[in-house]
Amino acid sequence: MKRLLVALGVAAALAAGPVAAEEPDDPFAWLEEVQGEKALAWVAQQNAKSTKLLEARKEFQPIYERTLQILDSKDKIPFPELHGETVYNFWRDEAHERGIWRRTSLASYRTASPEWETVLDVDALAKEEGKAWVFHGADCLPPAYVRCMVSLSPGGSDASVQREFDTGTKRFVPGGFSLPEAKSRVAWRDEETLWVGTDFGPGSLTSSGYPRVVKLWKRGTPLSEARTVFEGGTADVSSSGYSLILPDGRYDVVTRTPAFYRHESFLYLGDRLVKLDVPEDSQPRGFFRDRLLLSLRSDWAVGGATYRAGSLLAVSVDDLLRGVRRMDVLFEPGERVSLAAVDRTQDRVLVQTLDNVRSRMAALSLVDGAWVRTEIPTPGVGTASFSATSERTNAFFFTYQDFTTPASLWLADGSAPAAKVKSMPAFFDATGMKTEQYEAASKDGTKIPYFVVTPKGFVANGKAPTLLYAYGGFEASMVPRYSGTLGPAWLSRGGVYVLANIRGGGEFGPAWHKAAVKELHFRNFEDFSAVAQDLVARKITSPRHLGIMGGSQGGLLVGGTFTLYPELFRAVVAQVPLADMRRYSKLLAGASWMAEYGDPDKPEEWAYIQKWSPYHLLKADAKYPTPFYWTNTKDDRVHPAHARKMVARMEAQGHPVYYFENTEGGHGSGAVNKQTARVTALQYAYLWMMLR
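What counts as what
Residues numbered from 1 in each chain as written. Predicted model: local features only at pLDDT ≥ 70, side-chain atom pairs only at ≥ 80, totals over all residues. Heavy atoms only, no water. Domains from an automatic or database assignment. Contact = heavy atoms within 4.5 Å. Buried area = accessible area lost by both parts, 1.4 Å probe. Pairing = 2+ DSSP bridges. Helix = DSSP H or I, 4+ residues; strand = E, 2+ residues; numbered from the N terminus. Axes fitted to C-alpha atoms, helices over the stretch in contact; angles between N-to-C directions. Polar contact = N/O pair within 3.5 Å; in protein donor to acceptor, adjacent residues only side chain to side chain. Buried < 20%, exposed > 50% of the residue type's maximum accessible area, 1.4 Å probe, protein only. Disulfide = S-S within 2.5 Å. Salt bridge = Lys/Arg side-chain N within 4 Å of Asp/Glu carboxyl O.

Notes on the domain arrangement of the protein
Part 1: Taken domain by domain, the protein comprises domain 1 (30-69 + 435-691), domain 2 (80-182) and domain 3 (334-425).
Part 2: In this structure, domain 2 and domain 3 have C-alpha centres spaced 27 Å apart.
Part 3: Across the contact, 14 residues belong to domain 2 and 13 residues belong to domain 3.
Part 4: Both sides together, the interface formed by domain 2 and domain 3 hides about 1,000 Å², and carbon and sulfur atoms give 64% of it.
Part 5: Three residues, Pro80, Leu82 and Arg110, lead the burial of domain 2 against domain 3; their summed loss comes to 48% of the area buried on that side.

This is how it looks when you write it as structure tokens:
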């Protein structure tokens, strides 16, 4: 971000209050030392205290056992990844705790019992090497998909080891490409060359901890000899390079991300980079038949026309390089209709949209230079999402589900009707359960939609234990989904579940997101509390029986909401949350989120951040609901100190609080199913204890 002039900075500081450096020392700063002896001793003490109470609850053990049974179930859908017409799948169950990477043919996959071939056994590898490996995927070189760069994380952190793997021999390549643990970005350019961004040494990473230097690395040469192609700025989020090797063209691309929602894309032509002249806040969506696909986050006036924010455009790459602005509009948003996803097959562009948070899908084909749109029928009005596609076939998979309908997997080609090929079993009895969509009026009058799922026999008398969930950030949309853990642990036991579509998300396009960023982020909390108040007004529940839950940005949401509106809630579950919004930009990947929240080191921005920073809102004389905070030691995205310090300050002020920290798992609920089942059971044991 640009620096303010000193004189302006002084004036702003006088108006907005002291800057971060002038604040009193944080008495809990020692909890920021992730593996510090004192910090880990504190974690162990907190874990022992909370688990002793929560694991003794009558709900804990049956929820744990049922959740683990579901996570380990062999009846789950083995979700596909298409490598041409070969289907790959990563699978975990009781016999494969850390998982196996396996494959089968497309024809075999369509049968009830596919003939799977194990490609990589992560459990065997972990045992052989004495490492708690977590599989983070593989990038394979098309069209053969034999050479792959496999990403393995120790304990589930974002930082991973990269190793070259041969899917033909099913072995790691001796003397092949490899990188030590880091937040690396690697991609194939050809069989002898990798695009690589990693920790090359001092100064090679951004302040967010991601690569800023992009290099080309030739096989058989040391990493130190890799040739630099591009360097981004230290204050950027990241930079990366990749190659798209498509049946209809090849594109070598370098991308610079100066901030969230801002991108610069360059084509690597020969030995020079040529910038694609498109709006910096547009989002490249891929290439199709010599055209760049991109979506807009702001209106774009160009070539005598104005293209609306939220639109999907196609433009000839040659025209773009020549400065010609002829755009085809593939999608234009409506008031409550937004672009959700874009993908492609060999001959079609696939588009998923949301219409008042309900999914629609379509395929677009180029016929004699004109786009022909074909609607793709879906089984209902719930959530349909692309699951697996390939540029080398017209076949693609999509899923369908809603709150009470288990996920099903469908195979289509964009022309003939889709066929159901797999179904998730019903992990709970949904008989008598109902789903309704309501709206709540936020403080400024904006209508905030939300879904309510009620259990069998529900009566609107204000006494129903109710769990309200939302995210509200980074343009991420919250849509109806079937949860095999939520159902048995909450709905089947008589709980009401509520999903709120608050501003900051992407349910209604870029404007819905922009309405709650930076100085407008307070609307997150106003929207969320408005839904809570509407639930009470409808007698769906009451503050005595209302709990809230959110993870990551959603953890910030629930933390800020219960400190601002403590009278509305009885229970709070904050999962891997942000909390200290003065320090967040200095902790791990936090600097990359300043486009969302603001820069706390700027007095004029800290002036609004401090109004919803949970850690700074806490007061000793306030009466809060007793929250449950949990995080992971190995989370290298949202620092575990956020949750640690929030809990430590609450305790120091005399407020009761529960805390749990898993030693693995990264930015999630666990590295293996047993860890996820335990965290799940702890959460719902807590919720039933508080809300019954």
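Describing the sheet that holds strand β4 (residues 117-121)
Part 1: In space, the four strands of this open sheet follow the order β1-β2-β3-β4, with antiparallel pairing throughout. Each end of this open sheet is capped by a strand with a single partner; those strands are β1 (81-83) and β4. Each strand of the sheet is rotated relative to its neighbour by a mean of 30°, with strand direction disregarded.
Part 2: Sheet topology places β1 next to strand β2 (residues 86-93); three bridges connect them, and they run antiparallel. Residue pairing in the sheet places Glu81 in a bridge with Tyr88 of β2.

Here we look at the side chain of Ser151
Part 1: Along the chain, the position of Ser151 falls in strand β6 (residues 147-154).
Part 2: One polar contact links Ser151 to Ser160, side chain to side chain, over a distance of 3.2 Å.
Part 3: Here Ser151 is in contact with Val134, Phe135, His136, Gly137, Ser160, Val161 and Gln162, once residues within four sequence places are set aside.

Observations regarding the environment of Val134
Part 1: Assignment of secondary structure puts Val134 in strand β5 (residues 133-140).
Part 2: The exposure class assigned to Val134 is buried, which follows from its relative accessible area of 11%.
Part 3: Between the alpha carbons of Val134 and Val122 there is a distance of 7.6 Å; along the sequence they are twelve residues apart.
Part 4: Beyond its immediate stretch of four places on either side in the chain, Val134 contacts Arg98, Ser151, Leu152, Ser153, Gly155, Gly156 and Ala671.

Some details on the environment of Val337
Part 1: Inspection of the secondary structure puts Val337 in strand β24 (residues 337-344).
Part 2: Taking the C-alpha atoms as reference, Val337 lies 8.3 Å from Glu507; in sequence the two are 170 residues apart.
Part 3: If we skip the residues at most four places from it in the chain, Val337 touches Phe331, Leu354 and Asp355.

Some thoughts on the state of the cysteines
Part 1: Scanning the model with the defined rule gives one disulfide in all.
Part 2: There is a disulfide in this structure between Cys140 and Cys148, and the S-S distance comes to 2.1 Å. Taking the torsion about the S-S bond as the criterion, the Cys140 to Cys148 disulfide, at about 105°, is right-handed. The exposure classification of Cys140 matches that of Cys148, with both residues buried.

Digging into the environment of Arg92
Part 1: Structurally, Arg92 can be placed in strand β2.
Part 2: On the basis of relative accessibility, which here comes to 22%, the residue Arg92 falls in the partly exposed class.
Part 3: Along the chain, Arg92 and Val302 lie 210 residues apart, while their C-alpha atoms are 50 Å from each other.
Part 4: Within the structure, the side chain of Arg92 is placed 3.3 Å from the side chain of Asn673, a separation counted as a polar contact.

Some details on the pattern of salt bridges
Part 1: According to the stated counting rule, one finds 41 salt bridges in the structure shown.
Part 2: Salt-bridge contacts for Asp166 lead to Arg147; the nearest nitrogen and oxygen are separated by 3.5 Å. Here the residue Asp166 occupies a position in strand β7 (residues 160-166), and Arg147 occupies one in strand β6, the gap between them amounting to 19 residues.
Part 3: For Asp166, a relative accessible area of 12% gives the class buried.
Part 4: Judged by relative accessible area, which is 18%, Arg147 ranks as buried.
Part 5: Among the ionic pairs, Arg250 bridges to Asp252, the shortest N-O distance being 3.1 Å.
Part 6: Overlapping salt bridges bring together Asp26, Glu32, Asp580, Arg583 and Lys645 as one network.

With respect to the side chain of His545
Part 1: Mapped onto the elements, His545 comes out in the loop between α9 (522-537) and β36 (546-551).
Part 2: Side-chain polar atoms of His545 contact the backbone oxygen of Leu691, separated by 2.8 Å.
Part 3: Aside from chain neighbours lying at most four places away, what touches His545 is Gly462, Lys463, Ala464, Pro465, Thr466, Leu691 and Arg692.

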